[in-house]
Amino acid sequence: DAKTTQPPSMDCAEGRAANLPCNHSTISGNEYVYWYRQIHSQGPQYIIHGLKNNETNEMASLIITEDRKSSTLILPHATLRDTAVYYCIVRPDYKLSFGAGTTVTVRA
Amino acid sequence: KAGVTQTPRYLIKTRGQQVTLSCSPISGHRSVSWYQQTPGQGLQFLFEYFSETQRNKGNFPGRFSGRQFSNSRSEMNVSTLELGDSALYLCPVATNEKLFFGSGTQLSVL
(Lines give C-alpha, C1' and ligand atoms only; values in the text may rest on other atoms or scores of the structure.)
Protein backbone atom coordinates (compact mmCIF):
# COMPACT_ATOMS: atom_id res chain seq x y z
CA ASP A 1 0.00 0.00 0.00
CA ALA A 2 2.79 2.39 -1.02
CA LYS A 3 1.67 5.97 -0.96
CA THR A 4 4.50 7.20 -3.16
CA THR A 5 5.08 6.32 -6.78
CA GLN A 6 8.23 6.93 -8.75
CA PRO A 7 9.47 5.89 -12.19
CA PRO A 8 11.61 2.76 -11.87
CA SER A 9 14.65 4.07 -13.68
CA MET A 10 16.20 7.10 -15.28
CA ASP A 11 19.37 7.79 -17.23
CA CYS A 12 21.16 11.08 -17.05
CA ALA A 13 24.22 12.48 -18.80
CA GLU A 14 27.04 13.64 -16.59
CA GLY A 15 26.89 17.38 -16.03
CA ARG A 16 23.24 17.65 -16.91
CA ALA A 17 20.36 18.19 -14.53
CA ALA A 18 18.41 15.16 -13.36
CA ASN A 19 14.74 15.70 -12.55
CA LEU A 20 13.18 12.93 -10.48
CA PRO A 21 9.42 12.98 -10.07
CA CYS A 22 7.40 11.50 -7.23
CA ASN A 23 3.67 11.20 -6.84
CA HIS A 24 2.25 11.33 -3.31
CA SER A 25 -1.37 12.12 -4.04
CA THR A 26 -2.69 11.02 -0.62
CA ILE A 27 -0.36 13.22 1.38
CA SER A 28 -1.95 15.17 4.20
CA GLY A 29 -1.35 18.77 5.10
CA ASN A 30 1.25 18.26 7.78
CA GLU A 31 3.33 15.50 6.22
CA TYR A 32 6.82 16.25 5.07
CA VAL A 33 8.28 14.89 1.85
CA TYR A 34 11.75 13.43 2.23
CA TRP A 35 14.24 12.43 -0.42
CA TYR A 36 16.97 9.94 0.27
CA ARG A 37 19.29 7.95 -1.90
CA GLN A 38 20.93 4.61 -1.42
CA ILE A 39 24.05 3.20 -2.97
CA HIS A 40 24.59 -0.56 -2.97
CA SER A 41 23.65 -1.87 0.46
CA GLN A 42 24.49 1.22 2.45
CA GLY A 43 22.04 3.05 4.67
CA PRO A 44 19.93 5.75 3.01
CA GLN A 45 21.67 9.09 2.59
CA TYR A 46 19.68 12.24 3.30
CA ILE A 47 19.24 14.63 0.38
CA ILE A 48 16.52 17.12 1.19
CA HIS A 49 13.05 17.48 2.69
CA GLY A 50 10.19 19.93 2.53
CA LEU A 51 6.63 20.64 3.55
CA LYS A 52 5.09 23.24 1.26
CA ASN A 53 7.76 25.54 -0.03
CA ASN A 54 10.45 24.71 -2.51
CA GLU A 55 13.75 23.92 -0.88
CA THR A 56 17.37 24.05 -1.99
CA ASN A 57 20.55 22.88 -0.37
CA GLU A 58 24.05 22.07 -1.50
CA MET A 59 22.97 18.74 -2.95
CA ALA A 60 19.67 19.36 -4.66
CA SER A 61 16.48 21.32 -5.06
CA LEU A 62 13.00 20.15 -4.15
CA ILE A 63 9.98 21.45 -5.99
CA ILE A 64 6.62 20.66 -4.38
CA THR A 65 3.45 21.36 -6.32
CA GLU A 66 0.93 23.73 -4.82
CA ASP A 67 -1.53 20.93 -4.09
CA ARG A 68 1.37 18.92 -2.61
CA LYS A 69 0.35 15.81 -4.53
CA SER A 70 3.69 15.53 -6.26
CA SER A 71 7.24 16.72 -6.02
CA THR A 72 10.39 16.79 -8.12
CA LEU A 73 13.92 16.35 -6.93
CA ILE A 74 16.44 18.20 -9.06
CA LEU A 75 20.10 17.28 -9.09
CA PRO A 76 21.48 20.32 -10.90
CA HIS A 77 24.71 18.91 -12.28
CA ALA A 78 24.73 15.14 -12.09
CA THR A 79 28.04 13.37 -11.57
CA LEU A 80 28.91 9.70 -11.83
CA ARG A 81 28.81 9.52 -8.05
CA ASP A 82 25.13 10.41 -8.12
CA THR A 83 24.33 6.98 -9.55
CA ALA A 84 22.06 5.46 -6.90
CA VAL A 85 18.50 4.51 -6.06
CA TYR A 86 16.51 7.59 -5.06
CA TYR A 87 13.58 7.31 -2.68
CA CYS A 88 10.78 9.72 -2.10
CA ILE A 89 9.36 9.16 1.39
CA VAL A 90 6.31 10.40 3.24
CA ARG A 91 5.18 9.52 6.71
CA PRO A 92 1.38 9.29 6.86
CA ASP A 93 1.36 7.61 10.25
CA TYR A 94 3.77 5.56 12.30
CA LYS A 95 5.00 3.89 9.12
CA LEU A 96 7.24 5.41 6.53
CA SER A 97 5.91 5.12 3.01
CA PHE A 98 8.62 4.20 0.56
CA GLY A 99 8.02 3.53 -3.05
CA ALA A 100 10.27 1.25 -5.03
CA GLY A 101 12.56 4.17 -5.77
CA THR A 102 14.09 5.41 -9.00
CA THR A 103 17.36 3.91 -10.12
CA VAL A 104 19.34 6.79 -11.54
CA THR A 105 22.27 5.97 -13.77
CA VAL A 106 24.56 8.84 -14.65
CA ARG A 107 26.54 8.20 -17.81
CA ALA A 108 29.77 9.86 -18.87
CA LYS B 1 25.25 13.87 10.92
CA ALA B 2 24.20 10.38 11.94
CA GLY B 3 21.23 10.40 14.21
CA VAL B 4 21.20 6.63 14.48
CA THR B 5 23.92 4.12 15.25
CA GLN B 6 23.36 0.53 14.22
CA THR B 7 25.61 -2.33 15.20
CA PRO B 8 27.03 -4.49 13.91
CA ARG B 9 27.42 -3.18 10.37
CA TYR B 10 27.80 -6.64 8.87
CA LEU B 11 26.83 -10.03 10.21
CA ILE B 12 27.12 -13.54 8.83
CA LYS B 13 25.11 -16.34 10.38
CA THR B 14 24.02 -19.82 9.40
CA ARG B 15 20.52 -21.20 9.15
CA GLY B 16 18.96 -22.05 12.48
CA GLN B 17 21.04 -19.59 14.47
CA GLN B 18 19.67 -16.55 16.18
CA VAL B 19 20.86 -12.97 15.94
CA THR B 20 20.48 -9.70 17.82
CA LEU B 21 20.82 -6.34 16.13
CA SER B 22 21.17 -3.05 17.95
CA CYS B 23 19.95 0.43 17.18
CA SER B 24 20.83 3.53 19.18
CA PRO B 25 19.07 6.78 18.35
CA ILE B 26 20.58 10.05 19.46
CA SER B 27 19.46 11.22 22.85
CA GLY B 28 15.88 12.35 23.21
CA HIS B 29 14.45 10.40 20.30
CA ARG B 30 12.01 7.95 21.78
CA SER B 31 10.48 6.46 18.63
CA VAL B 32 12.40 3.73 16.83
CA SER B 33 11.16 1.61 13.96
CA TRP B 34 12.68 -1.42 12.28
CA TYR B 35 12.55 -2.22 8.59
CA GLN B 36 13.82 -5.08 6.50
CA GLN B 37 15.12 -4.25 3.05
CA THR B 38 15.62 -6.92 0.42
CA PRO B 39 16.15 -6.52 -3.33
CA GLY B 40 12.95 -8.36 -4.16
CA GLN B 41 10.61 -7.02 -1.48
CA GLY B 42 11.87 -3.51 -0.95
CA LEU B 43 11.39 -2.02 2.51
CA GLN B 44 9.12 -3.95 4.84
CA PHE B 45 7.97 -2.60 8.19
CA LEU B 46 8.80 -4.82 11.15
CA PHE B 47 7.77 -2.92 14.26
CA GLU B 48 7.82 0.42 16.03
CA TYR B 49 8.73 1.20 19.61
CA PHE B 50 8.03 4.26 21.64
CA SER B 51 9.13 4.74 25.23
CA GLU B 52 9.88 1.02 25.65
CA THR B 53 6.50 -0.08 24.31
CA GLN B 54 5.83 -1.75 21.01
CA ARG B 55 3.18 0.40 19.41
CA ASN B 56 2.89 -1.17 16.00
CA LYS B 57 3.87 -4.41 14.35
CA GLY B 58 4.20 -5.49 10.74
CA ASN B 59 3.41 -8.83 9.18
CA PHE B 60 6.46 -10.80 10.16
CA PRO B 61 6.52 -14.17 11.92
CA GLY B 62 7.07 -14.47 15.63
CA ARG B 63 10.73 -15.32 15.02
CA PHE B 64 11.21 -11.57 14.75
CA SER B 65 11.01 -9.77 18.05
CA GLY B 66 12.27 -6.58 19.53
CA ARG B 67 12.49 -4.43 22.57
CA GLN B 68 13.42 -0.94 23.60
CA PHE B 69 15.30 0.13 26.67
CA SER B 70 14.86 3.18 28.88
CA ASN B 71 17.71 4.97 27.09
CA SER B 72 15.78 4.50 23.79
CA ARG B 73 18.22 1.95 22.46
CA SER B 74 16.41 -0.83 20.67
CA GLU B 75 17.30 -4.40 19.86
CA MET B 76 15.81 -6.73 17.31
CA ASN B 77 16.16 -10.46 17.66
CA VAL B 78 15.62 -13.02 14.96
CA SER B 79 15.54 -16.66 16.01
CA THR B 80 15.89 -19.77 13.86
CA LEU B 81 17.34 -17.86 10.97
CA GLU B 82 16.30 -18.72 7.44
CA LEU B 83 18.06 -17.94 4.18
CA GLY B 84 15.32 -15.45 3.34
CA ASP B 85 16.21 -13.37 6.39
CA SER B 86 19.29 -12.15 4.55
CA ALA B 87 18.68 -8.44 4.20
CA LEU B 88 19.68 -4.95 5.20
CA TYR B 89 17.96 -4.04 8.46
CA LEU B 90 17.31 -0.38 9.08
CA CYS B 91 15.98 1.46 12.10
CA PRO B 92 14.93 4.97 11.10
CA VAL B 93 14.19 7.47 13.83
CA ALA B 94 11.60 10.14 13.23
CA THR B 95 10.69 13.37 14.95
CA ASN B 96 8.01 15.83 13.92
CA GLU B 97 10.10 17.05 11.03
CA LYS B 98 13.35 15.16 10.87
CA LEU B 99 14.01 11.64 9.73
CA PHE B 100 17.27 9.88 10.53
CA PHE B 101 18.75 6.68 9.18
CA GLY B 102 21.79 4.77 10.31
CA SER B 103 24.05 2.69 8.09
CA GLY B 104 21.96 -0.38 8.72
CA THR B 105 23.02 -3.92 9.54
CA GLN B 106 23.65 -6.18 6.57
CA LEU B 107 22.74 -9.70 7.65
CA SER B 108 23.77 -12.65 5.52
CA VAL B 109 22.37 -16.07 6.36
CA LEU B 110 24.29 -18.98 4.86
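Scroll up to find the structure.
What you see is a predicted model; the values in this text were computed from it and never measured.

Thresholds, definitions, all that
- Sequence positions are assigned chain by chain, starting from 1 and proceeding in written order.
- To read the labels, note that chains go from A and ligands from 1, taken in the order they are written.
- Residues qualify for local features only when their pLDDT is at least 70, as the model is predicted, and side-chain atom pairs are given and counted only at 80 or more; totals for whole chains, interfaces and linings, by contrast, use all residues.
- To obtain the side-chain values, all non-hydrogen atoms of the structure were used and water was disregarded.
- A helix here means a DSSP run of H or I that spans at least four residues, while a strand means a run of E at least two residues long, and both kinds are numbered starting from the N terminus.
- The contact definition used throughout considers only heavy atoms, calling two residues in contact when any of these lie within 4.5 Å.
- In short, buried area is how much 1.4 Å probe accessible area vanishes from two parts on joining, totalled over both.
- For salt bridges, the criterion is a side-chain nitrogen of Lys or Arg within 4 Å of an Asp or Glu carboxyl oxygen.
- Nitrogen and oxygen atoms within 3.5 Å of one another constitute a polar contact, given that in protein one can donate a hydrogen and the other can accept it, and given that sequence-neighbouring residues count only through two side-chain atoms.
- Residue classes follow a fixed rule: Ala, Val, Leu, Ile, Met, Phe, Trp, Tyr, Cys and Pro count as nonpolar, while Asp, Glu, Lys and Arg count as charged, and any other residue, Gly among them, counts as polar.
- A pair of strands counts as paired when DSSP detects no fewer than two bridges linking them.

Across residues other than glycine, the phi torsion is negative in most instances, and most of the peptide bonds are trans. All names here are of chain B. The residue after Thr7, namely Pro8, is reached through a cis peptide bond having omega -10 degrees. Tracing the chain through its elements places Pro8 in the loop between strand S1 (4–7) and strand S2 (10–13). In the Ramachandran plot, Ser51 falls in the positive-phi region, its phi being about 45 degrees despite a non-glycine side chain. Considering the arrangement of structural elements, one finds Ser51 in the loop between strand S5 (42–50) and strand S6 (53–57).

This paragraph deals with the interface of chain A and chain B. Taken residue by residue, the interface counts 16 residues in chain A and 22 residues in chain B. Taken together, the two surfaces of chain A and chain B that pack against each other cover about 1500 Å², and 58% of this comes from carbon and sulfur. Among the residues chain A hides against chain B, the three largest losses belong to A:Arg91, A:Tyr94 and A:Leu96. Together they make up 31% of the total. Inspection of the region where chain A meets chain B yields zero salt bridges. Here chain A and chain B share nine residue pairs in polar contact (both at pLDDT 80 or more) between them. Of all elements in the fold, only strand S3 (33–38) and strand S8 (84–90) of chain A reach the threshold of two or more residues within the side of chain A that touches chain B. Counting residues per element, the side of chain A that touches chain B draws most heavily on S3(A), at three residues. In the side of chain A that touches chain B, the residues fall into nine nonpolar, five polar and two charged.

All names here are of chain A. Pairing within the open sheet is antiparallel, and its four strands lie in the order S2-S7-S6-S5. Since the sheet does not close on itself, it has two edges, and those belong to strand S2 (18–23) and strand S5 (55–56), each with one partner. As judged from the two bridges shared by S5 and strand S6 (residues 61–64), these two strands associate in the antiparallel manner. Within the sheet, the bridge partner assigned to Thr56 lies in S6 and is Ser61.

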